[in-house]
Amino acid sequence: MGAIERHGEYWDCFSNLPFDVNEDGWTDFITGGWWGSSIKVWENPKNDGLWKESIIDTSGNVETTRLFDVDGDGVMEICPNNPRKSLKYYRFENGKFKRYTVAETQGHGLGCGDINGDGRNDFVSADGWYEAPQDLQKGKWTYHPDFKWGELSIPIIITDVNGDGKADCIAGQGHGYGLDWYEQIIDNQKNRTWKKHAIDPYNSQYHEMIWTDLDGDGKNELVTGKRWRAHDSKDAGASDNIGLYYFKWNGDSFVKQIISYGAFGVGKGTGVQMSVADLRGNGRKDIIVAGKDGLYIFWNEGKL
């Protein structure tokens, strides 16, 4: 594509999101970096040449970026996680990305989904959630400081885990031990609380996750793993074995299935972004995962 700056063990590119920015029918990529503190677009040259790099916005240090359909119109918005900086998203309008600010600050971790069941997508961060206004472009987002969950994964998954009609949250500790789901409970007085349920308290650095139907049974599984050397082995559990897993909901709890596990060179960990796609066109989803320990494909052979 082009030159990416290196800082120690890191390349200053903390996600690659496909988006046809110039609407020419070719896939471009949106990236963000911690040191560059900006959201960038790389335009597809349609040949083997270098990709044109341009800055969308100087957003602050980028932990990673995700695409969420914030306004529900079928077009994704760019949503960067910028710890200790403003919470915002970028909407594609008239061939350009326009910035919309949700809150003055955000923590480590970000999710987007309908928390209160009003049909509008809200934002979830590490220290509470932000209720979407009726008018997303002019209205004020309402902050609900319901919780303080730590330095969370990106994304935080928002889904009805237990089928009770209320949105729950699934989040990992991005730089510590723990993977949990948080059950939303509404009492008779309409008060909202969150009950924590452990999924896997024994592994650390659950920084990235995907909620997808991996085994083709019509129900989603949680695909995630341990990020290897997230902070150059300064995080909790840095010397532990690394692994890639999926967790299947059995109606009462999540059951862990190991895809890869072991010491460096044996097990495969995650980075800040991975993908799930049917690469061979056989109807089964494969896993593409990258990190400081390399880029790998795990082929789904249908024996999950």
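The coordinates are above.
Residues numbered from 1 in each chain as written. Predicted model: local features only at pLDDT ≥ 70, side-chain atom pairs only at ≥ 80, totals over all residues. Heavy atoms only, no water.

### A few points about the overall build of the chain
Next, step 1: A count of helical and extended segments in the chain gives 0 helices and 25 strands.
Next, step 2: Along the first, second and third principal axes, the C-alpha set of the chain runs to 60 × 50 × 40 Å.
Next, step 3: A burial count over the chain gives 48% of its 304 residues as buried.
Next, step 4: In the chain, of all internal contacts separated by at least 6 residues, the share reaching a separation of at least 24 is 41%.
Next, step 5: In the chain, the 34 positive side-chain charges and the 46 negative ones have mean positions that sit 3 Å from each other. (Helix = DSSP H or I, 4+ residues; strand = E, 2+ residues; numbered from the N terminus. Buried < 20%, exposed > 50% of the residue type's maximum accessible area, 1.4 Å probe, protein only. Contact = heavy atoms within 4.5 Å. Lys, Arg positive; Asp, Glu negative; His and termini not counted. Charge placed at Lys NZ, Arg CZ, Asp CG, Glu CD.)

### What about the pattern of salt bridges?
Next, step 1: On inspection of all chains with the given rule, the structure shows 20 salt bridges.
Next, step 2: For Asp57, the salt bridge identified is with Arg99, shortest N-O distance 2.8 Å. Taken together, the positions of Asp57 in strand S6 (residues 52-57) and Arg99 in strand S10 (residues 96-103) put the pair 42 residues apart, joining distant regions of the chain.
Next, step 3: Here Asp57 falls in the buried class, since its relative accessible area comes to 19%.
Next, step 4: Through salt bridges with shared partners, a single network forms among Glu9, Arg229, Asp232 and Lys292. (Salt bridge = Lys/Arg side-chain N within 4 Å of Asp/Glu carboxyl O.)

### Describing the pairing of strand S8 (residues 77-81)
Next, step 1: Most of S8 sits out of view: 5 of its 5 residues are buried.
Next, step 2: Residues Glu77, Cys79 and Asn81 point to one face of S8 and Ile78 and Pro80 to the other, with burial holding for every one of them.

### Looking at unusual backbone geometry
Next, step 1: Cis peptide bonds are those with omega within 30 degrees of zero, and the linkage from Ile154 to Pro155 qualifies with 15°.
Next, step 2: Phi is positive for Ser37, which is not a glycine, with a value near 55°.
Next, step 3: When you line up the elements, Ser37 lands in the loop between strand S4 (28-33) and strand S5 (38-43).
Next, step 4: For Ser37, a relative accessible area of 16% translates into the label buried.

### What to know about the side chain of Ser59
Next, step 1: Counting through the fold element by element, Ser59 comes out in the loop between S6 and strand S7 (64-68).
Next, step 2: Ser59 has contacts with Ser37, Ser38, Ile39, Asn82, Lys85, Lys88 and Tyr90, leaving out every residue within four places of it along the chain.

### Considerations on the sheet that holds S5
Next, step 1: Judged by pairing direction, the sheet is antiparallel, and its 4 strands sit side by side in the order S3-S4-S5-S6 without closing on themselves. The open sheet has two edge strands with one neighbour each: strand S3 (16-19) and S6. Neighbour-to-neighbour, the strand axes of the sheet open up by a mean angle of 30°, direction not taken into account.
Next, step 2: In the sheet, S4 pairs with S5 via 5 bridges, with the strands oriented antiparallel. Paired with Phe29 across the two strands is Trp42, which belongs to S5. (Pairing = 2+ DSSP bridges. Axes fitted to C-alpha atoms, helices over the stretch in contact; angles between N-to-C directions.)

### Considering a nonpolar patch on the surface
Next, step 1: Nonpolar side chains collect at one region of the surface, where Leu279, Ile297 and Trp299 lie side by side and expose about 280 Å² of accessible area between them.
Next, step 2: Tracing the backbone through its elements, the reader meets Trp299 in the segment after strand S25 (294-298).
Next, step 3: For Trp299, a relative accessible area of 41% gives the class partly exposed. (Patch = residues over 30% accessible without salt bridge, like charges linked within 9 Å, V, L, I, M, F, W, Y side chains within 5 Å. Areas by Shrake-Rupley, 256 points an atom, 1.4 Å probe, with all protein chains shown as cover.)

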